[in-house]
Amino acid sequence: MDIVDEIIKMDRAADERFSQASDKQKKILNDSYDEAIELKEKLRADADAEILKIEKTHQESIDAKIGKIHDEYAQKTKALDEAYENMNSSIVDEIFRSIVGEKI
C-alpha cells in the first residue's frame, strides 16, 4: 500500500500545484486588467489635458486676431469720423450754395 499512498500523495500534490498555478494565473489576469484600466484612465486624462492645452492655444490665437480686427476697425472708424468732421463744414457750405445759389 505504500505505493498507492505515495501515488495518492503525488496526485494531491499535483492537484495543489495545479490549484496554486490556477490561482496565480487568475491573479495575474486580474492585475493585468487593473493595470490596463489604470493605463486607459491615465491616457484619457493625458489626452484631455493636451486637448485643453491646444484649445487654449487656439483660443488665445483667435482672441488675438479678433483684437487686431477690432483695433483696425476702430482706427478706420476714427479716420472716417475725422475725415467727416474735416469735410462736414465744406459739404454743408457746398449744399447751401447749391440750394441758395450764393457764395459765402
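Anything mentioned here points back to the structure above.
Chains are numbered independently. Their residues run from 1 in the order of the written sequence. Local features in this predicted model are restricted to residues whose pLDDT is 70 or higher, and side-chain atom pairs enter the listing and the counts only when it is 80 or higher, whereas totals over whole chains, interfaces and linings include all residues. Where side-chain values are given, they derive from all heavy atoms of the structure, hydrogens and water being excluded.

**Quick notes on the overall build of the protein**
The helix count covers DSSP runs of H or I at least four residues long, the strand count covers runs of E at least two residues long, and both are numbered beginning at the N terminus. When helices and strands are counted, the protein shows one helix and zero strands. For the C-alpha atoms alone, the extent of the protein along its principal axes is close to 145 × 20 × 5 Å. When each of the 104 residues of the protein is scored for burial, the buried share is 0%. Calculation of accessible area relied on Shrake-Rupley with a 1.4 Å probe; when residues are assessed, cover is drawn exclusively from the protein chains displayed. Of the roughly 10000 Å² of accessible surface on the protein, a fraction of 59% belongs to carbon and sulfur atoms. For the purpose of charge, His is not counted, nor are the chain termini; Lys and Arg are scored as positive and Asp and Glu as negative. Charge placement uses NZ in Lys and CZ in Arg. For Asp and Glu, CG and CD serve respectively. Charge-centre separation for the protein: the mean point of 17 positive side chains lies 3 Å from the mean point of 26 negative side chains. Each residue is assigned to one of three classes by its accessible area relative to the maximum for its type, calculated with a 1.4 Å probe on protein chains only: buried under 20%, partly exposed between the two thresholds, exposed over 50%.

**A look at the pattern of salt bridges**
Criterion for a salt bridge: a side-chain nitrogen of Lys or Arg within 4 Å of a carboxyl oxygen of Asp or Glu. Enumeration over the complete set of coordinates arrives at two salt bridges. We note a salt bridge from Asp-31 to Lys-27, for which the minimum N-O separation is 2.8 Å. Highlighted residues: Asp-31 and Lys-27, both in helix α1 (residues 2-100), separated by four residues, approximately one helical turn. Here Asp-46 ties to Lys-42 by a salt bridge, and the two come within 2.8 Å at their closest N and O atoms.

**With respect to a nonpolar patch on the surface**
Patches in this entry comprise residues that are over 30% relatively accessible and not in a salt bridge; like charges within 9 Å are linked, as are nonpolar side chains (Val, Leu, Ile, Met, Phe, Trp, Tyr) within 5 Å. The grouping of Met-87, Ile-91, Ile-95, Phe-96, Ile-99 and Val-100 at the surface amounts to a nonpolar patch, some 550 Å² of accessible area in total. In this structure, Met-87 sits in helix α1.

**Observations regarding the environment of Ala-45**
One can find Ala-45 in helix α1. In the structure, Ala-45 is positioned eleven residues away from Lys-56 in sequence and 16 Å away in space, judged by C-alpha atoms.

**Regarding α1**
By this rule, a helix spans an expected 1.5 Å times one less than how many residues it contains. With 99 residues, α1 should reach 147 Å at 1.5 Å per residue; the first-to-last C-alpha distance of 141 Å fits that figure. In α1, a bend of some 45° at Met-87 exceeds every other bend along the element. Positive phi shows up at Gly-101, right after α1, with a value of about 85°. Here the bend at a residue means the angle between the axes of two seven-residue stretches, the one that ends at it and the one that starts at it.

**So, a negative patch on the surface**
Together, Asp-11, Asp-15, Glu-16 and Asp-23 line one region of the surface with negative charge. Topologically, Asp-23 is positioned in helix α1.

**As for the environment of Asp-46**
Residue position: Asp-46 is located in helix α1. You can call Asp-46 partly exposed: its relative accessible area is 38%. In the structure, Asp-46 is positioned twelve residues away from Asp-34 in sequence and 18 Å away in space, judged by C-alpha atoms.

**Quick look at the environment of Asp-93**
Positionally, Asp-93 belongs in helix α1. Between the alpha carbons of Asp-93 and Asp-15 there is a distance of 115 Å; along the sequence they are 78 residues apart.

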